[in-house]
Every structure is written in structure tokens, then in C-alpha cells.
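Spelled out, the chains give:
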Amino acid sequence: MKKLILTAVSASALLALSACGGNNNADTATDTAATDTTVAAPAATDTTATAADTAAAAADTAAAAASTASAAADTAAAAASDAAKK
């Protein structure tokens, strides 16, 4: 019984943590040799809106991960309950 519960909890933790990370956008070195010396001024951007959008997206991702973890925990609890009844 303990092994079943431990397995269910471990599986739900693994599922919850699998949503974290996964940043496959590795920074790669680029060729720094300049062939053109003309530098264009960067366009003005609204960094506060960008930061707010990024924070909102991160909050949405965290909420989705929490929901997934909660659903996995509910499934594990139901499986443990069914196993205990048998």
C-alpha cells in the first residue's frame, strides 16, 4: 500500500516538474565580424508592457502546471483509494 502511494506521489511530482524548464532556445555565439559600420538606432519599445506580458504568461503557465499537478494528485488519490478497497 505504501509503495502504491509513494509511486502515485512520485509520478504526480514528476508530471508537475516536467512542465518546468525546457528552455531549448540556447544562446549561440554569432559572427561578430562587422562588414557594415552603419548602426541603426533600435526602435523604442514599451518595456513595461513587455514585462507585464511576460509576467502574465509566466503566471498562466504556473497556474496550468498547478492544475495538472492537482489533477494528477486527485487521480493518484483515487487509485490509492480503489486499491485500499480491494
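The paragraphs below set out a description of the structure included in this document.

The rules we used
Residues numbered from 1 in each chain as written. Predicted model: local features only at pLDDT ≥ 70, side-chain atom pairs only at ≥ 80, totals over all residues. Heavy atoms only, no water. Helix = DSSP H or I, 4+ residues; strand = E, 2+ residues; numbered from the N terminus. Buried < 20%, exposed > 50% of the residue type's maximum accessible area, 1.4 Å probe, protein only. Patch = residues over 30% accessible without salt bridge, like charges linked within 9 Å, V, L, I, M, F, W, Y side chains within 5 Å. Areas by Shrake-Rupley, 256 points an atom, 1.4 Å probe, with all protein chains shown as cover. Salt bridge = Lys/Arg side-chain N within 4 Å of Asp/Glu carboxyl O. Expected span 1.5 Å × (residues − 1). Arc of directions from axis to C-beta.

## Focus on the overall build of the protein
The number of helices and strands found in the protein is 2 helices and 0 strands. Here the protein holds 86 residues, and the buried ones make up 7% of them.

## Digging into a nonpolar patch on the surface
Where nonpolar side chains cluster on the molecular surface, the patch consists of Met1, Leu4, Ile5 and Val9 and spans about 360 Å² of accessible area. Residue placement: valine 9 occurs in helix H1 (residues 2-18). On the accessibility criterion, valine 9 (48% relative accessible area) is partly exposed.

## Things to note about H1
Because an α-helix packs 3.6 residues into every turn, residues spaced three or four apart end up facing the same way. Here H1 spans 24 Å end to end across 17 residues, near enough to the 24 Å set by a 1.5 Å rise per residue. Buried residues of H1: Ala8, Ser12 and Ala16, and no others. Summarising the axial view, the buried residues of H1 lie within an arc of 70 degrees, below the 170-degree limit, and thus occupy one face. Those residues of H1 that are exposed and angled more than 90 degrees off the buried face are Lys2, Lys3, Leu6, Thr7, Leu14, Leu17 and Ser18.

## Re the environment of threonine 7
Following the sequence through the fold, threonine 7 ends up in helix H1. Expressed as a C-alpha distance, the spacing of threonine 7 and alanine 80, which sit 73 residues apart in the sequence, is 10.0 Å.

## Quick look at the environment of alanine 71
Structurally, alanine 71 can be placed in helix H2 (residues 47-85). Residue classification places alanine 71 among the partly exposed positions, given a relative accessible area of 40%. A sequence separation of 59 residues divides alanine 71 from serine 12, and the C-alpha atoms of the two residues are 8.7 Å apart.

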